[in-house]
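Fold and contact review
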Amino acid sequence: MTTTLSPTLNERILLFGAPGTGKTTSALSMYRAARELTPDAKLIVINTDGAGTMQRMLSGKWRGLARGVEILDVFEYEDWAPAVAHALSIVKPGCVLLIDNIGDLWDHAQDYYDRQTYGPSAGDYWLEQQVKITKQNIKNPGVKLDDPTRNDWRDWGIVKRLYFEIFTRIYARTRCHLLCTSGIRDLRLDGMFADKPTERAVFGGLGAMPMGHKSLGHRFDTVLATYEKGGAWWIYAVKDRERKLLRDVRVRSFAADYLQAVGGWVKPGQMEMGDDDV
């Protein structure tokens with residue numbers, strides 16, 4: 001027995017950072033380690049960008065993992081429910097479910113609300129309203145009409161219900177390792193969170209938080225920011241329940257430097273996980 005990982009202990013990890021900071025590579029590194037522990041483990045990817053990044057990586061140095069990977073593309077809100085249902089029907093303990101990028105779910109829920117409420121050309125509708133108001137304000141400068149594109153024209157209660165209907169299904173029903181990625185929002189440049197003490201209490205030390213719904217970073221056991229410096233990849237642990245917090249640590253292999261060294265997937269020295277060739 002080479003692993004200290006319980007079969008019922010599933011990772012819940014959020015990686016957030018700018019493009020090109022090692023998130024996809026970390027996911028493949030995690031899957032490679034998962035296969036060492038569970039040889040028939042699969043990697044199911046719910047992918048939102050359609051750029052083919054994962055496919056290109058699997059045709060290169062990671063080609064040895066390709067046979068166990070299935071990629072499900074989601075481009076709008078309606079794609080999420082069937083993709084999640086299919087993924088959950090396949091995965092089992094030991095597998096890895098990658099949501100790349102979970103932050104897009106919040107944008108997709110908003111877009112779906114707009115299309116259902118204002119029609120398929122919601123952007124044209126609001127542009128037309130803006131033009132009318134602009135002309136009215138020019139004609140009667142003493143009477144200023146409100147900008148219709150402000151956030152208060154959406155029913156945020158409905159948008160949140162749409163979002164959590166999918167997110168809760170992913171988070172609560174996944175019975176395998178769950179790894180989600182997201183972009184990064186610089187709080188120093190985002191005045192929207194100036195009056196959000198909860199977000200600032202959690203992410204203030206980093207000065208940045210995940211893109212997507214504001215609660216995203218609070219939902220995961222492990223929240224790691226990724227960044228590039230000096231041609232290398234680094235991670236900063238915003239939170240990691242019951243584990244050592246890695247702060248500004250260079251990552252050569254996500255499996256070895258985090259899953260093994262911090263997560264206790266294997267006892268040190270019993271399995272060489274190797275570098276990810278960062």
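Here is a short report on the structure shown in this document. Keep in mind it's a predicted model, so treat the numbers as computed, not measured.

Quick notes on the overall build of the chain
Scanning the chain from terminus to terminus reveals eight helices and ten strands. Counting over 278 residues, the chain shows a buried share of 49%. Here the contacts in the chain between residues at least 6 apart in sequence split such that 67% fall between residues at least 24 apart. As presented, the chain carries roughly 13,900 Å² of accessible surface, and 51% of it is formed by carbon and sulfur atoms.

A closer look at unusual backbone geometry
Here the phi dihedral of Glu242 falls at roughly 60°; this positive angle occurs in a residue that is not glycine. Assignment of secondary structure puts Glu242 in the loop between β9 (232–240) and β10 (249–250). Despite not being glycine, Asp248 has its phi angle at roughly 55°, a positive value. You can see Asp248 is positioned in the loop between β9 and β10. Judged by its relative accessible area of 42%, Asp248 is partly exposed.

Re empty space enclosed by the protein
By rolling a water-sized probe across the atoms, one finds the places where empty space is left. Per the stated rule, a full pass over the model turns up two cavities of 30 Å³ or more. Put simply, the largest cavity is a space of about 50 Å³. Thr24, Val45, Asn47, Asp49, Thr53, Met54 and Asp100 together form the lining of the largest cavity. Every element with two or more residues in the lining of the largest cavity is listed here: β2 (43–47) and α2 (53–58). Among the residues making up the lining of the largest cavity, the classes are represented as two nonpolar, three polar and two charged. What the second largest cavity holds in volume is close to 40 Å³. Every residue along the wall of the second largest cavity is listed here: Thr21, Gly22, Ser26, Thr226, Trp233, Trp234, Ile235 and Val251. For the lining of the second largest cavity, the element with the most residues is β9, which contributes three residues. The class makeup of the residues in the lining of the second largest cavity is four nonpolar, four polar and no charged.

Remarks on the side chain of Asp100
Tracing the chain through its elements places Asp100 in strand β4 (residues 96–100). Here the side chain of Asp100 touches Thr181 through a polar contact of 2.5 Å, side chain to side chain. When neighbours within four sequence positions are excluded, Asp100 is seen to be in contact with Thr24, Ile46, Asn47, Thr48 and Thr181.

A few points about the nonpolar core
Counting 38 residues, the largest nonpolar core has Ile46, Trp80, Ile99 and Ile102 as the members making the most contacts within it. A per-element tally of this core places helix α6 (residues 156–173) first, with six residues. Contacts of Ile99, omitting those with residues within four sequence positions, involve Ile46, Trp80, Ile170, Leu178, Leu179, Cys180 and Thr181. With 31 residues, the next largest nonpolar core counts Ala34, Val45, Phe254 and Tyr258 among its residues.

Some words on helix α4 (residues 104–118)
Across its 15 residues, α4 extends 21 Å between first and last C-alpha, which sits within 8% of the 21 Å expected from 1.5 Å per residue. Where α4 is buried, its residues touch α3 (77–90), α5 (122–139) and α6. Once α4 finishes, Gly119 follows within two positions and takes phi at roughly 100°, a positive value.

Side note on the sheet that holds β2
Taking strand neighbours across the sheet as the criterion, the eight strands line up as β3-β2-β4-β5-β1-β8-β9-β10 in an open arrangement whose pairing is mixed. Whereas interior strands pair on both sides, the edge strands pair on one side only; in this sheet they are β3 (69–73) and β10. Across five bridges, the pairing between β2 and β4 is parallel. Bridging across to β4, Val45 finds its partner in Leu98.

Notes on the pairing of β9
A regular strand carries its side chains on alternate faces of the sheet. Counting buried residues in β9 gives nine out of nine residues, a clear majority hidden from the surface. Here strand β8 (residues 222–229) pairs with β9 via eight bridges, running antiparallel. For Val223, the partnering residue across the bridge sits in β9 and is Lys239. Once β8 ends, the chain turns through two residues before running back antiparallel as β9, passing Gly230 with a positive phi of about 60°. Bridge count for β9 against β10 is two bridges, and the pairing is antiparallel. Its bridge partner being in β10, Trp234 is matched across the sheet by Arg250.

Thresholds applied
- Think of each chain on its own: its residues are numbered from 1, step by step along the sequence as written.
- Confidence filtering applies because this is a predicted model: local features only for residues at pLDDT of at least 70, side-chain atom pairs given and counted only at 80 or more, and all residues used for totals across whole chains, interfaces and linings.
- Side-chain metrics in this entry use all non-hydrogen atoms of the structure; hydrogen atoms and water are not considered.
- Under the scheme used here, helices are H or I runs from DSSP no shorter than 4 residues and strands are E runs no shorter than 2 residues, and both carry numbers assigned from the N terminus.
- Each residue is placed in one exposure class: buried if its accessible area under a 1.4 Å probe, protein chains only, is under 20% of its type's maximum, exposed if it is over 50%, and partly exposed if it falls in between.
- Residue contacts are counted whenever heavy atoms from the two residues lie within 4.5 Å of one another.
- Only the protein chains shown count as cover for residues, with accessible areas throughout obtained via the Shrake-Rupley method and a probe of 1.4 Å.
- A pocket here means an open set of points on a 1 Å grid, computed over the protein atoms alone, that has protein on both sides within 12 Å along at least five of seven lines. A cavity is instead a set of points where a 1.4 Å probe fits but cannot get out; residues with an atom within 4 Å of a point line either one.
- Grid points are joined across faces, edges and corners, and a volume is the space filled by probe spheres set on the points.
- Charged residues are taken to be Asp, Glu, Lys and Arg, nonpolar residues to be Ala, Val, Leu, Ile, Met, Phe, Trp, Tyr, Cys and Pro, and polar residues to be all remaining types, Gly included.
- Nitrogen and oxygen atoms within 3.5 Å of one another constitute a polar contact, given that in protein one can donate a hydrogen and the other can accept it, and given that sequence-neighbouring residues count only through two side-chain atoms.
- Within this scheme, the nonpolar core is defined by two criteria: the residues are buried Ala, Val, Leu, Ile, Met, Phe, Trp, Tyr or Cys, and they are joined through side-chain atoms within 4.5 Å.
- Take the residue count of a helix, subtract one, and multiply by 1.5 Å to get its expected span.
- Note on pairing: two strands pair once DSSP finds at least 2 bridges between them.

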